[in-house]
Amino acid sequence: MAFERVPVSPVTKQMTKWLVTCAWPTSSDIPHLGNMVGSALSADVFARYLRLAGEEVVYVSGSDHHGTPLEVEALKKGVSPKELADSNHARISEVFKKWLISFDNYTTTESEVHKRFVREHYMRIYSHPGNIFTRAEKIHYCPFDKRFLPDRFVEGTCRFCGFGNARGDQCDNCGRPLDAEDLVEPHCVICGRRTELRETTQWFFDLPRFRDYVAAYLDRSNLSPNVISFSKAWLREGLRPRSITRDSKWGIPAPFPGAEGKTIYVWMEDVLGYVSALIEFFERSGNPDGWREFWFGKDAKTSFFIGKDNIPFHSILLPALLHASGEPYNEPSLISSTEFLTFSGQKFSKSRRIGIWCDEALSLMPADYWRYVLIALRPEGSDIDLSWASIEQIVNNELNDAFGNLVNRTLTSVKRFCGGVFAVDSSTLRPEEAEYLKEINARHLDIGTLYSEAEIKSACRKILEQATSANRYLSSTQPWSVYKTDKASGDSILYAALNAVKLISIELLPIIPGAAQEFLRQAGFFRRSKPSWSDTGLDADLPLQVGEVSPVFYKVDGSKLEETLESLRAEASAGTRA
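Residues numbered from 1 in each chain as written. Predicted model: local features only at pLDDT ≥ 70, side-chain atom pairs only at ≥ 80, totals over all residues. Heavy atoms only, no water.

### Considering the overall build of the chain
- Assigned secondary structure in the chain consists of 20 helices and 18 strands.
- Seen along its three principal axes, the alpha-carbon backbone of the chain occupies a region of about 90 × 55 × 40 Å.
- Sequence separation of at least 24 residues holds for 77% of the intrachain contacts in the chain that already meet a minimum separation of 6.
- In the structure as shown, the chain presents an accessible area of about 23,400 Å², 49% of it carried by carbon and sulfur atoms.
- Side chains of the chain give 68 positive and 75 negative charges; the mean places of these two sets differ by 1 Å. (Helix = DSSP H or I, 4+ residues; strand = E, 2+ residues; numbered from the N terminus. Contact = heavy atoms within 4.5 Å. Areas by Shrake-Rupley, 256 points an atom, 1.4 Å probe, with all protein chains shown as cover. Lys, Arg positive; Asp, Glu negative; His and termini not counted. Charge placed at Lys NZ, Arg CZ, Asp CG, Glu CD.)

Next comes the structure, spelled out in structure tokens:
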């Protein structure tokens, strides 16, 4: 599924091919705000910036149809996993559209392209002796339900950290992947009864065989320090073979001889979706080999936006799986991981009604408001708490007062003192305004650097600094007073203010595309071209014809937002009972 994307101006420099990706949400439910900021939203901001900067970008992701959380949810609802997955995928896709996420292809792990590629890729790995082997392992079995249990059908206590609600494949508390024996007092999530371990044969990927390759990749990469340190800690602890297959009917059938009735473990197929989704995009575009330029081209780059608990799957497992195929895949160029977003000091939990989910959020505020709030709080260095008070503060003080007020007072001045048409070019600037333009253009370059390094929160803070500086400049120079006695000086001040509005609008396009486009429209910028990161001057836009000036943002009351959400949930609950 393709999503609307921001057009950019043609550029003369050689474009870099960028594959932008994010973690695939499970089709078991709508993502919550913590899921959104750590994956799809952050990747979207990065992709939008790259397009503005003139790079060639394809942004792909998809819904994980095969995760065991979906099987659990389907079992509770009494429907087939595919029926639930397809229904939820349609809902998730619609939510992403409303959040202005600019996917070029948003697909699913049930797509025929994905299933074909995964099976073919594993057979390439299998064709190299020693990469894949079989061995008997112990799997949780529920005597009451008479079935082998997928990992997330089992819960218990993590033997490493003592967390009491660890799942069968991973502990959400310490982030470690878990084997069957790593759970203490395990129980079946279907019936709640104790499970027992029974022996079955599975196919394994010999990950330790690629330890030296992965270590060398980490040493030569330009990944962020937190990704490097996290990954090297895993290497020091020692890599273990990773099970490829599961005793489950729902999933991609394993292609190995003798593996009939088994499916590919979800973690071992999801990461390959970054390749298959790109293949699908180019097949639909009529260029079936185009994907190779993005994955095999020596100057092409790949980027991954994920939560910190998914780091080893992207920095260790994915490079190893690609390398093991013998194909010349590019290694991950950028892995941007976030810490956890909490809500009012607690982890998101739908059952306990803690947090906000992405569909209901849009009933409270427009998408641009949420996009900005989440990026302003993006947990880049540590866990960050989101609260009603912080939402109110960011919307009112930053979106409305800093950005909205700057644009409104500048454009209103053009209407008042210039009749809505501004035609004075840079040749008449006073030295003070010329110096100020140097300052805001230098800051623009800094913001571009932060964006390019995926320091998205820092870029957002620097854009706010740009607006704060512009508001301070207007207040100190007071063009409304200067115009009474010195029109030329008033024009010079207003030229600088308009240039700041243009820069800030461009800088905000990746974060709040709808509102930033409205800023540009009201001001009359880019009437003859498309927005471009490098088009920072004002002269090319002259004469500016300012249209109707109206507020783009409004203030919110956090307590009223909370009341509205509770009311919406009560209505939904009543409707469900009825």
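### Details of the packing of helix H5 (residues 112-126) against helix H11 (residues 311-324)
- The geometry of H5 relative to H11 is characterised by a closest axis approach of 8 Å and an angle of 70 degrees between their N-to-C directions. It follows that H5 is roughly perpendicular to H11 by the angle criterion. On the side of H5, the interface is formed by His121, Tyr122 and Ile125, while H11 contributes Leu321, Leu322 and Ala324.
- Classifying every residue of the contact of H5 with H11 gives five nonpolar, one polar and no charged. (Axes fitted to C-alpha atoms, helices over the stretch in contact; angles between N-to-C directions. Parallel < 35°, antiparallel > 145°, perpendicular 65-115°, else oblique. Nonpolar A, V, L, I, M, F, W, Y, C, P; charged D, E, K, R; others polar.)

### Re helix H3 (residues 68-77)
- Here H3 has its buried residues at Thr68, Leu70, Glu71, Val72 and Ala74.
- Buried residues along H3 sit in contact with helix H4 (81-98) and strand E5 (147-148). (Buried < 20%, exposed > 50% of the residue type's maximum accessible area, 1.4 Å probe, protein only.)

### Some words on the sheet that holds strand E3 (residues 105-108)
- If you trace the five strands from one edge of the open sheet to the other, you get E3-E2-E1-E13-E14, paired in parallel fashion. Unpaired on one side and paired on the other, E3 and strand E14 (334-338) mark the two borders of the sheet. For this sheet, the mean angle separating the axes of adjacent strands, direction not counted, is 20 degrees. (Pairing = 2+ DSSP bridges.)

### A short note on the sheet that holds strand E7 (residues 166-167)
- Sheet architecture is open: three strands sit in the order E7-E6-E8, paired in antiparallel fashion. Among the strands making up the open sheet, the edge pair consists of E7 and strand E8 (183-188).
- Bridge count for strand E6 (residues 154-158) against E7 is two bridges, and the pairing is antiparallel. Directly across from glutamate 155, in E7, lies its bridge partner arginine 167.

### Comments concerning the packing of aromatic side chains
- Counted by the stated rule, this structure contains 33 aromatic pairs.
- For the pair phenylalanine 96 and tyrosine 106, a centre-to-centre distance of 5.2 Å together with 70 degrees between the ring planes defines the contact as edge-to-face. Placement of phenylalanine 96 in helix H4 and of tyrosine 106 in strand E3 is noted, with a sequence separation of 10 residues between them.
- Given a relative accessible area of 3%, phenylalanine 96 falls into the buried group.
- When its relative accessible area of 1% is taken as the criterion, tyrosine 106 is described as buried.
- Measuring from centroid to centroid gives 6.5 Å for tryptophan 291 and tyrosine 329, while their planes differ by 35 degrees, and the two rings are tilted. Of the two residues, tryptophan 291 sits in helix H10 (residues 291-295) while tyrosine 329 sits in the loop between H11 and E14, which places them 38 residues apart along the sequence. When sorted by exposure, tryptophan 291 lands in the same class as tyrosine 329, which is buried.
- Feature note: the residues Tyr59, Phe96, Phe103 and Tyr106 constitute an aromatic cluster, connected by ring pairs.
- Across from the ring centre of phenylalanine 160, 4.4 Å away, lies the NZ or CZ of arginine 176, which sits over that ring.
- Stacked on the ring of tyrosine 265, the Lys or Arg arginine 246 has its end atom at 3.8 Å from the ring centre. (Phe/Tyr/Trp six-rings, centres within 6.5 Å; stacked < 30°, edge-to-face > 60°. Lys NZ or Arg CZ within 6 Å of the ring centre and 35° of its normal.)

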